[in-house]
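Residue-level structural notes
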Amino acid sequence: MTDQGRVRLFLDSNVLTGGIVSAWGMDKAVLSLCAARVCKLVLAEIVRDEVEDNLLLHAERLSSPDADALIEDYRRLIKLTKPELVPYPDARSVRASRHLIRHEADVPVLLLAMASQPDWLLTHNKKHFTPAIAQRTGLRIATPGDFFRTLSSLLR
């Protein structure tokens with residue numbers, strides 16, 4: 001915790017996208033904590049770009065007013081959260097770190113999470129972001145549900 005004592009959350013694209021497109025749920029709750037600045041959103045540029053691509057694809061399936069509202073909700077979220085942006089890793093680092101995680105597309109995300117040292121990396125991708133990866137990297141990896149269960153246990 002470095003940003004004024006706030007818990008720093010590195011969100012994978014599936015959590016960020018889910019929170020934006022869902023009417024309610026744990027992903028939306030995580031985004032609410034970030035929008036209220038209870039937690040600090042740590043946003044990797046590679047994740048941001050993937051989310052923006054996903055939102056545009058999702059918007060294509062919506063009516064024009066709903067698509068406009070979705071994009072505006074995303075813009076408002078970014079404005080409210082004032083995320084800590086983490087730039088793309090260099091290609092050499094990605095190649096050299098290929099051994100860290102099974103799925104090649106997750107290497108840059110993992111590298112950026114390691115470099116930014118968040119309090120939590122939240123993802124639904126438990127197939128690739130496993131407990132072994134967490135142990136090997138020193139990252140605290142969880143789903144949003146696991147994150148909230150941990151918070152709940154601390155408040156008892």
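Conventions used here
- The residue numbering used here restarts from 1 in each chain and proceeds along that chain's sequence as written.
- The predicted nature of this model means local features are confined to residues of pLDDT at least 70 and side-chain atom pairs, given and counted, to a pLDDT of 80 or more, with totals for whole chains, interfaces and linings taken over all residues.
- Calculation of side-chain values draws on the structure's entire complement of heavy atoms; hydrogens and water are dropped beforehand.
- Runs of H or I in DSSP of at least four residues are treated as helices and runs of E of at least two as strands, each being numbered from the N terminus.
- We define a polar contact as two N or O atoms separated by no more than 3.5 Å, with the added condition that, inside protein, one atom must be a possible hydrogen donor and the other a possible acceptor, whereas residues neighbouring each other in sequence contribute only through side-chain atom pairs.
- Only protein chains enter the accessibility calculation, which uses a 1.4 Å probe. A residue is then buried if its area is under 20% of the maximum for its type, exposed if over 50%, and partly exposed in between.
- Any two residues having at least one pair of non-hydrogen atoms within 4.5 Å are treated as being in contact.
- In this scheme, strands are said to pair when DSSP sees at least two bridges between them.
- Lines fitted to the C-alpha atoms define the axes, with helices restricted to the stretch that makes contact. Angles between their N-to-C directions range from 0 to 180 degrees.
- Comment on the angle field: the value is read as roughly parallel under 35 degrees, roughly antiparallel over 145, roughly perpendicular from 65 to 115, and oblique elsewhere.
- Rotating anticlockwise by less than a right angle from the far helix to the near helix defines a left-handed crossing, while the corresponding clockwise rotation defines a right-handed one.
- Three classes are used: nonpolar for Ala, Val, Leu, Ile, Met, Phe, Trp, Tyr, Cys and Pro, charged for Asp, Glu, Lys and Arg, and polar for all others, with Gly counted as polar.

1. As for the side chain of R8
Within the secondary structure, R8 is located in strand 1 (residues 7–11). A distance of 2.7 Å separates the side chain of R8 from the side chain of E84, its partner in a polar contact. Looking at R8, its side chain comes within polar contact range of the main-chain oxygen of S116, at 2.9 Å.

2. Quick notes on the environment of V42
Looking at the element boundaries, V42 is found in strand 2 (residues 39–44). On the basis of relative accessible area, V42 is assigned to the buried category, the value being 0%. Remark: the alpha-carbon pair of V42 and D12, spanning 30 residues in sequence, is separated by 9.8 Å. Sequence-distant contacts of V42, defined by excluding residues within four places in its chain, comprise R8, L9, F10, L11, E84, V86 and S116.

3. Observations concerning the sheet that holds strand 5 (residues 141–142)
Hydrogen bonds between backbone groups are what pair the strands of a sheet, and the pairing can be parallel or antiparallel. In space, the 5 strands of this open sheet follow the order 3-2-1-4-5, with parallel pairing throughout. Taken across any chain shown, the strands that pair with only one partner, and hence form the sheet edges, are strand 3 (84–86) and strand 5. Relative to strand 2, strand 1 runs parallel, the two being bridged by 4 bridges. Considered in strand 2, the bridge of L9 is made with L41.

4. Let's talk about unusual backbone geometry
The backbone of R37 shows a phi angle near 60°, a positive value even though the residue is not glycine. Turning to its location among the elements, R37 is positioned in the loop between helix 2 (26–35) and strand 2. Under the relative-accessibility criterion, R37 is labelled partly exposed at 36%.

5. Some points on the packing of helix 3 (residues 45–60) against helix 4 (residues 64–81)
Their axes nearest at 9 Å, the elements helix 3 and helix 4 cross at an angle of 165°. Judged on the interaxial angle alone, helix 4 and helix 3 are roughly antiparallel. In the crossing of helix 3 with helix 4, the sense of the turn from one axis to the other is right-handed. Side by side, helix 3 and helix 4 meet where R48, V51, E52, L55, L56, H58 and A59 of the first sit next to A67, L70, I71 and Y74 of the second. Split by residue class, the contact of helix 3 with helix 4 holds 8 nonpolar, 1 polar and 2 charged.

6. Some thoughts on the pairing of strand 2
With respect to burial, strand 2 is a largely interior element, 6 of its 6 residues being buried. Judged from the 3 bridges that link them, strand 2 and strand 3 form a sheet pairing that is parallel. If you follow A44 over to strand 3, its bridge partner there is V86.

So far we have only geometry, and geometry alone does not tell us how the molecule works.
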